[in-house]
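A closer look at the structure
Here's the letter readout for the chains.
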Amino acid sequence: MALRLPSAAIRPLRSFKLAKPSAQQARWLATPVYPVTTDPSKGPTAMVFLNMGGPSTVDEVGDFLSRLFADADLIPLGRLQSYLGPLISKRRTPKIQKQYAAIGGGSPIRKWSEHQCAEMCKLLDEISPATAPHKPYVAFRYANPLTEQMYRQLLADGFGGGAAAGCGFHTWRQRLEGKAGPLDDGSDGTIKWSVIDRWPVHSGLVEAFAQNIEAKLMEYSEEKRDKVVLLFSAHSLPMTVVNRGDPYPAEVAATVHAVMHRLNHVNPYRLCWQSQVGPQPWLGPQTASTVEDYIAKGQKDLLLIPIAFTSDHIETLFELDEEVIGESGHGETVKRVESLNGSPVFIKALADLAKAHLGSGISCSTQMGLRCPGCKSERCAESKKFFAAQQV
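A quick note: this is a predicted structure, and the numbers were derived from the prediction, not measured.

A word on the overall build of the protein chain
The helix and strand inventory of the protein chain stands at 14 helices and eight strands. In the protein chain, buried positions account for 56% of the 392 residues.

Here it is, written out as structure tokens:
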């Protein structure tokens, strides 16, 4: 599985409780063992980008939200999750459909994920011939193409060994282990996985962000340019997740620090958080209120940087562009940096990272094997054991 959350990496592939699943549901990824036709040590190699995903069309919004609000790791609603989840998703669907319609009729995250993965594989064929050819796959947790669909496609394509690549460079437990969990049904040995589970300060990633920031700063006059406040915006987390010791906030902060170091710390900056959902407390300060507060203080030159995202989707195109910037009343001075999308620098970073991983013989990082101090999820524990036990 790859993880690329958080919206990458490479060769290898990061509940009110729902009613107890049936035996059939519990084995939702269990499939007959297909003939193994490839040698994972020599290629071809499957490169899988894994992400939370987003609905590609307005008609897919309902199913997307249903999966989202049913996941207590992502949106904890307590013992009434199985009741409140469907109720909230049904009530929110019309509103969210209008938002997706406003950004072109659906999320572009699938388009960009498939583009990034395909272009990365082309580079890998050149720089890592020993593991070539590299075949691109994309899998989403909450939208099509779903993880189980990707898994079955791998089997149908004859893969007996695979590499998981992540589309996210910061790992929050639900983003990687939660998404990867269903693949535990691959423990029959049909496919062996390795995963690039975190790379928040990779030089190529940092350079891609820095170049996009420098390009956008050029839109400000020379006398104002160095005084523009850089607001790095990442997807927030419920405080219940933060307080149990999840490393995601620290890894996001590490990326921010590395980018500012590359930019020589010329501009003042802050890290803020967006996309809070539900009534529970979430990590702050919230991006929208941060922009409002700075404008109220007279600081109107603000540059938003989506730092925990690898491509555009509703959080950038609607939440930041339409709501935060559009409603600020200062669209001329409050701007947003281009997302990574098709950045050649970013795609080259993915290929370099994948090559290094494929040659390392390591299934996952040692950090991935460590549970959060407050974690009580057996699903998380089993996912970690699953990846750590892979022999690559």
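A look at the packing of helix 2 (residues 61-70) against helix 3 (residues 81-102)
Two elements in contact, helix 2 and helix 3, have axes separated by 8 Å at closest approach and are oriented at 140°. Of the two elements, helix 2 crosses helix 3, and the hand of that crossing is right-handed. In contact with Val61, Gly62, Phe64, Leu65, Ser66, Phe69 and Ala70 of helix 2, helix 3 contributes Gln81, Gly85, Ile88, Ser89, Arg92, Thr93, Ile96, Gln97 and Tyr100. Split by residue class, the contact of helix 2 with helix 3 holds eight nonpolar, seven polar and one charged.

Things to note about the sheet that holds strand 8 (residues 334-336)
If you walk across this open sheet you meet the four strands as 6-5-7-8, and the pairing is parallel. Strand pairing shows two members of the sheet lacking a second neighbour, strand 6 (269-274) and strand 8, which therefore form its edges. In this sheet, neighbouring strand axes are inclined to one another by 25° on average, regardless of whether the strands run parallel or antiparallel. One ladder, built from three bridges, connects strand 7 (residues 302-306) with strand 8; its direction is parallel. Paired with Leu302 across the bridge in strand 8 is Val334. Relative to the sheet, helix 7 (residues 203-217) contacts strand 5 (229-235), strand 7 and strand 8, its axis offset from that of strand 7 by approximately 155°. Lying on the sheet, helix 10 (residues 248-262) is in contact with strand 5 and strand 6; it crosses strand 6 at an angle near 145°.

What about the side chain of Thr131?
Considering the arrangement of structural elements, one finds Thr131 in the loop between helix 4 (109-127) and strand 3 (134-140). A polar atom in the side chain of Thr131 sits 2.7 Å from the side chain of His134.

Examining the pairing of strand 7
Of all five residues making up strand 7, five are buried, and the element is well covered by its neighbours. Judged by which residues are buried, strand 7 turns out to be covered on both faces: Leu302, Leu304 and Pro306 on one side and Leu303 and Ile305 on the other are all buried. Here five bridges tie strand 5 to strand 7, and the two strands are oriented parallel to one another. Within the sheet, the bridge partner assigned to Val229 lies in strand 7 and is Leu302. Regarding the hand of the β-α-β motif, the stretch spanning strand 7, helix 12 (residues 314-325) and strand 8 is right-handed.

Concerning the packing of aromatic side chains
On inspection of all chains with the given rule, the structure shows six aromatic pairs. Taking 6.3 Å as the distance between ring centres and 25° as the angle between the ring planes, the aromatic pair formed by Tyr151 and Trp193 counts as stacked. Here Tyr151 is found in helix 5 (residues 147-156), whereas its partner Trp193 is found in the loop between helix 6 (173-180) and helix 7, with 42 residues between them in sequence. Between the aromatic rings of Trp199 and Phe346, the centroid separation amounts to 6.3 Å while the plane-to-plane angle is 15°, which identifies the pairing as stacked. Note that Trp199 is positioned in the loop between helix 6 and helix 7 and Phe346 in helix 13 (residues 344-358), a separation of 147 residues in sequence. Taken individually, Trp199 and Phe346 each receive the classification buried, so the pair is uniform in this respect. Positioned over the ring face of Tyr220 is Lys335, at 5.5 Å from the centre of the ring.

What to know about the nonpolar core
Generally speaking, soluble globular proteins have nonpolar side chains that are buried together. Counting 64 residues, the largest nonpolar core has Leu68, Met120, Ile213, Leu230 and Phe232 as its most contacted members. Setting aside chain neighbours within four positions, we find Ile213 in contact with Leu230, Phe232, Val259, Leu263, Leu303, Ile305 and Val337. Counting 17 residues, the second-largest nonpolar core is a separate cluster that includes Val48, Tyr137, Ala139 and Met368.

With respect to the side chain of Ser275
For Ser275, the position within the fold is in the loop between strand 6 and helix 11 (287-296). The class for Ser275 is buried, based on a relative accessible area of 9%. Here the side chain of Ser275 touches Glu319 through a polar contact of 2.7 Å, side chain to side chain. Dropping the residues within four chain positions of it, Ser275 is found in contact with His235, Trp282, Gln286, Glu315 and Glu319.

A few points about helix 11
Every buried residue of helix 11 is accounted for by Thr287, Thr290, Val291 and Ile295. The buried residues of helix 11 occupy an angular sector of 130° when the element is viewed end-on, so they sit on one face. Facing away from the buried side of helix 11 by more than 90 degrees, the exposed set consists of Glu292 and Ala296. Next to the buried residues of helix 11 lie strand 5, strand 6, strand 7, helix 12 and strand 8.

Re the confidence of the model for the protein chain
Close reading of the predicted structure is inappropriate where its pLDDT is low. When pLDDT is averaged along the protein chain, the result is 84, and 81% of the positions lie at 70 or above. Scored below 50 in pLDDT, residues 1-40 shows 192 contacts in the model against residues more than four places distant or in partner chains. Ignoring residues within four places in sequence, the model shows residues 164-168, a span with pLDDT below 50, making 50 contacts including any to other chains.

Parameters and conventions
Residues numbered from 1 in each chain as written. Predicted model: local features only at pLDDT ≥ 70, side-chain atom pairs only at ≥ 80, totals over all residues. Heavy atoms only, no water. Helix = DSSP H or I, 4+ residues; strand = E, 2+ residues; numbered from the N terminus. Buried < 20%, exposed > 50% of the residue type's maximum accessible area, 1.4 Å probe, protein only. Axes fitted to C-alpha atoms, helices over the stretch in contact; angles between N-to-C directions. Left-handed = near helix turned anticlockwise from the far one by under 90°. Contact = heavy atoms within 4.5 Å. Nonpolar A, V, L, I, M, F, W, Y, C, P; charged D, E, K, R; others polar. Pairing = 2+ DSSP bridges. Polar contact = N/O pair within 3.5 Å; in protein donor to acceptor, adjacent residues only side chain to side chain. Right-handed = clockwise from strand over helix to strand, strands pointing away. Phe/Tyr/Trp six-rings, centres within 6.5 Å; stacked < 30°, edge-to-face > 60°. Lys NZ or Arg CZ within 6 Å of the ring centre and 35° of its normal. Core = buried A, V, L, I, M, F, W, Y, C linked by side-chain atoms within 4.5 Å. Arc of directions from axis to C-beta. pLDDT = per-residue confidence, 0-100.

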